Amino acid sequence: MSDPQTSAAPSSRAIMQQQPQTDVRTETSDDLPSATPRDARLLHLMMASMGVTSYQDRVPLQIMDFAYRYTSAILEDSLLYADHSRSSNPTTATAANTQITVDDIRLSVAARVNYQFKPVPPKELMLELAQERNRRPLPPVGQTYGIRLPPEKYCLTAKDLDIDEEAKELPVRL
């Protein structure tokens, strides 16, 4: 049984322009056509090695897109850090010294991790905060019954609205 999506490998631009698909891929890397890009084949192999066998067709493309955007942002930040560090030292501030070092990349990764990926707070902290919040009782409910509404003037339920059923018709212009 041949799937029309895997029999002919479309270009990455054609894949991006397709409508979102709801079918789920359940194939191994051996089932991929040879015209599949190397990066996509590597992603299929990585997911298969981690035990992921069922995923939508757009998942490898989304992973490649995220990896590209993340890597390019890291390299752009690294270049800014490299330019800044070279300009602060006038003896090495030449055009030939605009290379990015490993320290620049480490700094940009550390800076991005601090604000882009938030770690989950520990479970103990969340339990402590919940217990502290639950120590205070809820405010008492009033002795009134029914739905508690704002004052009458804000409800638009007052009887002072007059609607004229027999409104005068506007003259029709020709």
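Residues numbered from 1 in each chain as written. Predicted model: local features only at pLDDT ≥ 70, side-chain atom pairs only at ≥ 80, totals over all residues. Heavy atoms only, no water.

Engineer: Go over the pattern of salt bridges with me, naming the residues and quoting the values.
Structural biologist: Think of it this way: side chains of opposite charge can pair up when their charged atoms draw near. Under the definition given, this model contains 4 salt bridges. Among the ionic pairs, Arg 38 bridges to Asp 39, the shortest N-O distance being 3.8 Å. Owing to a relative accessible area of 56%, Arg 38 belongs among the exposed residues under this scheme. Arg 69 is the salt-bridge partner of Asp 65, the closest N and O atoms lying 3.2 Å from each other. Remark: Arg 69 and Asp 65 occur in helix H4 (residues 59-88); sequence separation between them is 4 residues, near one turn of the helix. Asp 65 gets classed as partly exposed once you look at its relative accessible area, which sits at 33%. For Arg 69, a relative accessible area of 48% puts it in the partly exposed group. (Salt bridge = Lys/Arg side-chain N within 4 Å of Asp/Glu carboxyl O. Buried < 20%, exposed > 50% of the residue type's maximum accessible area, 1.4 Å probe, protein only. Helix = DSSP H or I, 4+ residues; strand = E, 2+ residues; numbered from the N terminus.)

Engineer: Describe in detail helix H5 (residues 102-116), supporting the description with residues and values.
Structural biologist: With 15 residues, H5 should reach 21 Å at 1.5 Å per residue; the first-to-last C-alpha distance of 21 Å fits that figure. Those residues of H5 not exposed but buried are Asp 104, Ser 108 and Arg 112. Around the axis of H5, the buried residues are gathered within 60° of arc, so they sit on the same side. In H5, those exposed residues whose orientation departs by more than 90 degrees from the buried face are Val 102, Asp 103, Arg 106 and Asn 114. (Expected span 1.5 Å × (residues − 1). Arc of directions from axis to C-beta.)

Engineer: Explain the packing of aromatic side chains to me, using residue names and the numbers behind them.
Structural biologist: Inspection of every chain in the model, using the stated rule, returns 1 aromatic pair. Note on Phe 66 and Tyr 70: the rings are 5.9 Å apart at their centroids and 15° apart in plane angle, and the pair reads as stacked. Taken together, the positions of Phe 66 and Tyr 70, both in helix H4 and 4 residues apart, correspond to about one turn of that helix. (Phe/Tyr/Trp six-rings, centres within 6.5 Å; stacked < 30°, edge-to-face > 60°.)

Engineer: How would you explain the side chain of Asp 104 if you had to name every residue and give the values?
Structural biologist: In this fold, Asp 104 is placed in helix H5. We classify Asp 104 as buried; its relative accessible area is 7%. Within the structure, the side chain of Asp 104 is placed 3.1 Å from the side chain of Thr 101, a separation counted as a polar contact. Beyond its immediate chain neighbours, meaning those up to four positions away, Asp 104 contacts Ser 78, Tyr 81, Ala 82, Ser 85, Arg 86 and Gln 99. (Polar contact = N/O pair within 3.5 Å; in protein donor to acceptor, adjacent residues only side chain to side chain. Contact = heavy atoms within 4.5 Å.)

That is the geometry; function is a separate question.
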